[in-house]
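Reading the structure
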Amino acid sequence: KLCGYLQKLSGKGPLRGFRSRWFVFDPRRCYLYYFKGPQEALPLGHLDIASACFSYHQPEAGAAAAGDEAAAFEVHSPNGAVAVLKAATRQDMTYWLQELQQKRWEYCNNLDAAKRDSRTSPTPSDFSKGLVAKDNPGSILSQNASAERARNILAVETSPTDLVGEQAASQPAPVQPSAINFSLKQWSTEIKNSMSSLRKGNNENRKSVFYTTEEWELLDPTPKDLEDSIALEEKRKHLAEGSKGRRLTSSAFPFDFGRIPHKTRRPLKDMIGTSKNRNSSDSSPTEWYSGNGNKLVSELQLKYQSQQEELEKLKKDLLSQKELVRLLQQTVRSSQYDKYFASRLCEGVPKDKLELLHQKDDQILGLNNQLEKLNLEKDSLQQEVKNLKCKVGELNEQLGMLMETIQAKDEVIMKLSRQLSECEDSTSSQSGAVNSSVATCTNKELQELDRLKDNLQGYKTQNKFLNKEILELSALRRNAEAREREWQAKYTSLEAKLCQIESKYLILLQEMKTPVCSEEQSPAREVITQLLEDALKAETSEQPEQAFFKPHLVSEYDIYGFQTVPEDDEEEKLVAKSRALDLRSLSLSENREISTGVKWENYLASTMNREMMRCVELKNLIRSGIPHEHRSKMWKWCVNLHIKKFKDSTVPGYFQTLLQNALEKQNPASKQIELDLLRTLPNNKHYSSPTSEGIQKLRNVLLAFSWRNPDIGYCQGLNRLVAIALLYLEQEDAFWCLVTIVEVFMPRDYYTKTLLGSQVDQRVFKDLMSEKLPRLHAHFEQYKVDYTLITFNWFLVVFVDSVVSDILFKIWDSFLYEGPKVIFRFALALFKYKEEEILKLQDSMSIFKYLRYFTRTILDARKLTGIAFGDLNPFPLRQIRNRRTYHLEKVRLELTELEAIREDFLRERETCVEKRDLISDDEEDS
């Protein structure tokens, strides 16, 4: 699958630049759609690859040396528009160009126009599930051996990186840094660092106000802040005089706020430059200053050094104070211990031992005093050492000055010596200069040679790509011209046929206008008969030239295997062909819009590395219809979503065990299952004959289900549910799909002998009809039309054999995801779709006759879906459940009354001689 991140040049003026976009190729229309990200469903736009050509430029030597890989290429459209795209690496650019060329070649050389229909699979898909997998031929490409050989010779072998393919959806979009964004980001970082330092220590209550004139000021400080600032200034003065015993109470912020006057302003540039000099010693101050700014920088550096020295002194003083605190804490602990120890030992201890302990304590105290005196002497000696070091430093400075003087004199002597030596060695220096210049020229030539070799290799690759591009465009142009000639011939043939049909219709209209009073057969009947024969004539191979130009508008079977035109009834055959032509016209008009397949492929790519979850986006996608190529995967996921707790409680091989038991042991449902197999979907080629592959799978699933649910066994209607599921699922998955419908979605007793749940749903549907479609409900009540005789089968088999196949599978998509509420939605939508037509009928017979076939005349799935999920809202499931509970009690009471009447009848028949010969239908069957 061709998808991944690319950067697209977009915008105008100073905002023009490359922006990262997620690109997805749609093989149905040969479009390259681009989105904001992999999770987006609606594209920002598209590029028409079928009519585009590609190019890229070889990078210059300077760009390559600077690290720019120049991975940008251009897509030229026929209207003159040029889209500039940039890949992350040059390898990715080559891969994208090769793949886009290949996709364009495959699409333009596809002679079978039907393969590009949105209703068919866009690429040679590899279906692993369902019966429709057997009917998915790949695309038929034109055989051009010479062009293929040339393309293979000119092809450049390359492989994609992690930013191309479905796995790229789980990675963050690559960011393209720009010089403007970098400088702004650095500036904002400096401001944030300065502001975070402003909020530290005792000054954390101060707030900074930034002005657009690049100035800043501090707000009014609190009295506590002023006192802290004054105390800090006094202590710093003491530190400068060399006083002892000071404490560290100043802020950790390096700025001297005590010296900043109240409500003063400093330029923002000065503040940023000062912060940069403090935070990184190697940053250049010329970034913010020019002209006489060097003087200010030197002053700030001197101030920085003095504050560093003060900081070192404060650190040393802090260490001494910590040591003093530690000693005091030890003294306190020892005194507390002595006090505790003395109080404990005073009880029952001799006085002589206590006196001895006191003596020892006195000795320890004396030793401690001596130690303190020695420490003081040590400190004084250290101070003397420092003073001596200061003197030594002064002497070193004087010595340095003397050394500088001596060095200056030495430089004068060396200068005079060099002038003397230059005059003597002029001849030898000239020869040495010639040798060094020759070596320098040789190195430059080698570097230039390497650069030229790199450029040559790049131009060779570019030349090979452009030759391949020219070859493909020439071949595609010839193919397009050939197709144009074929279409012109087809158009001429169709135009001639249209003229013949129009001539026959004019004759027919003339005959119908002129009355015929004779008893002989009217010429108009002959014209009508001839027109019908032409319309229903089967395609033959007797005239291959005409057959070649004849458009294949209606095939014998659709993509689901259903027969499009029946073979028996001539009238129904004509209606079916007309309906198939309308469906074909509708699908062709829908194909002009943005394909929903791209939205699906984009969504599935975004969920590649994470588990698919219920969400609003997924529900909207499913309501719009699952694409043919993804339906197997999505149906299986929907079934597992509802049946997970059932499957987790079963052992592995559960389905095979059920099937084996049903085949080996006596099963009361097997006889009825065998009778209904060929009557399931006779108009579908997968179930049309006993040897069809679907018949055996259908038998296995129904037998396994009858063994799992002996209370239900088999009910007419289950076979159609399984047959639809088997078109996209394997046997075991179709079995669990049936379990989901019967045991999870539908109420109990829905498929039992009494069909209690089905009867309840019909009464609930009547209530919804009176609420959502009151005019139509009153119309049915007026003419006493029981429309539940029609809708009962809709609910029992979920519209199988009631609507056209395209609408049927869209209903099933939503049904497997959302549940039985979808049946009520679409049943109401079908009536609302044809509400006006039904209201025009004024007698019960015509109404009932229309209700029997009107659903097959509804072809616009998009309009029907819009009515079901838009016009009928709100549609709460709680309301349906409450009404089911209400009607369930009523139906049970009615069944109880019917059972009582039946028992009374049987009892009366036994006692009455005249009624003994009367038997019921059930008794007659038994």
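Keep in mind that what you see is a predicted model, and the values were worked out from it rather than measured.

Let's talk about the overall build of the protein chain
Scanning the protein chain from N- to C-terminus turns up 30 helices and 10 strands. With 926 residues in all, the protein chain has 35% of them scored as buried. Counting only contacts in the protein chain whose residues sit at least 6 apart along the sequence, the fraction spanning at least 24 positions is 69%. Counting only carbon and sulfur atoms, one obtains 54% of the accessible surface of the protein chain, whose full area is about 57200 Å².

Topic: helix α25 (residues 821–833)
Look at α25: 18 Å from first C-alpha to last across 13 residues, which is about the 18 Å you get at 1.5 Å a residue. The element α25 is largely enclosed, with a buried count of 12 among its 13 residues. Looking only at α25, the buried set comprises K821, V822, I823, F824, R825, F826, A827, L828, A829, L830, F831 and Y833.

Thoughts on the pattern of salt bridges
Side-chain pairing between opposite charges can occur once the charged atoms of the two side chains come close. Enumeration according to the criterion identifies 18 salt bridges in this entry. The closest approach of N and O atoms between D786 and K766, which form a salt bridge, is 4.0 Å. Taken together, the residues span a long stretch of sequence, with D786 in the loop between α22 (774–782) and α23 (788–797) and K766 in helix α21 (residues 756–772) at a distance of 20 residues. What makes K766 partly exposed here is its relative accessible area of 30%. Through salt bridges with shared partners, a single ionic network connects E693, K697 and E730.

Examining the sheet that holds strand β7 (residues 82–86)
Strand order in the open sheet formed by seven strands is β4-β3-β2-β1-β7-β6-β5, and the pairing between neighbours is antiparallel. Of all strands in the sheet, those with a lone pairing partner are β4 (45–48) and β5 (53–55), marking the two edges. Taking each pair of neighbouring strands and ignoring which way they run, the sheet shows an average axis angle of 35°.

Brief notes about a nonpolar patch on the surface
Residues L399, L402, M403 and I406 make up a contiguous nonpolar surface patch of roughly 400 Å² in combined accessible area. The topology assignment puts L399 in helix α8 (residues 351–424).

Points about unusual backbone geometry
Following N873, the chain continues into P874 via a peptide bond in cis, with omega recorded as -5°. Position of P874 relative to the elements: it lies in the loop between α28 (861–871) and α29 (877–911). The backbone of V798 shows a phi angle near 55°, a positive value even though the residue is not glycine. Tracing the backbone through its elements, the reader meets V798 in the loop between α23 and α24 (805–818). Overall, the relative accessible area of 0% leaves V798 in the buried class. Within the chain, F799 stands out as a residue other than glycine whose phi angle is a positive 70°. With respect to the helices and strands, F799 occurs in the loop between α23 and α24.

Conventions used here
- Residues numbered from 1 in each chain as written.
- Predicted model: local features only at pLDDT ≥ 70, side-chain atom pairs only at ≥ 80, totals over all residues.
- Heavy atoms only, no water.
- Helix = DSSP H or I, 4+ residues; strand = E, 2+ residues; numbered from the N terminus.
- Buried < 20%, exposed > 50% of the residue type's maximum accessible area, 1.4 Å probe, protein only.
- Contact = heavy atoms within 4.5 Å.
- Areas by Shrake-Rupley, 256 points an atom, 1.4 Å probe, with all protein chains shown as cover.
- Expected span 1.5 Å × (residues − 1).
- Salt bridge = Lys/Arg side-chain N within 4 Å of Asp/Glu carboxyl O.
- Pairing = 2+ DSSP bridges.
- Axes fitted to C-alpha atoms, helices over the stretch in contact; angles between N-to-C directions.
- Patch = residues over 30% accessible without salt bridge, like charges linked within 9 Å, V, L, I, M, F, W, Y side chains within 5 Å.

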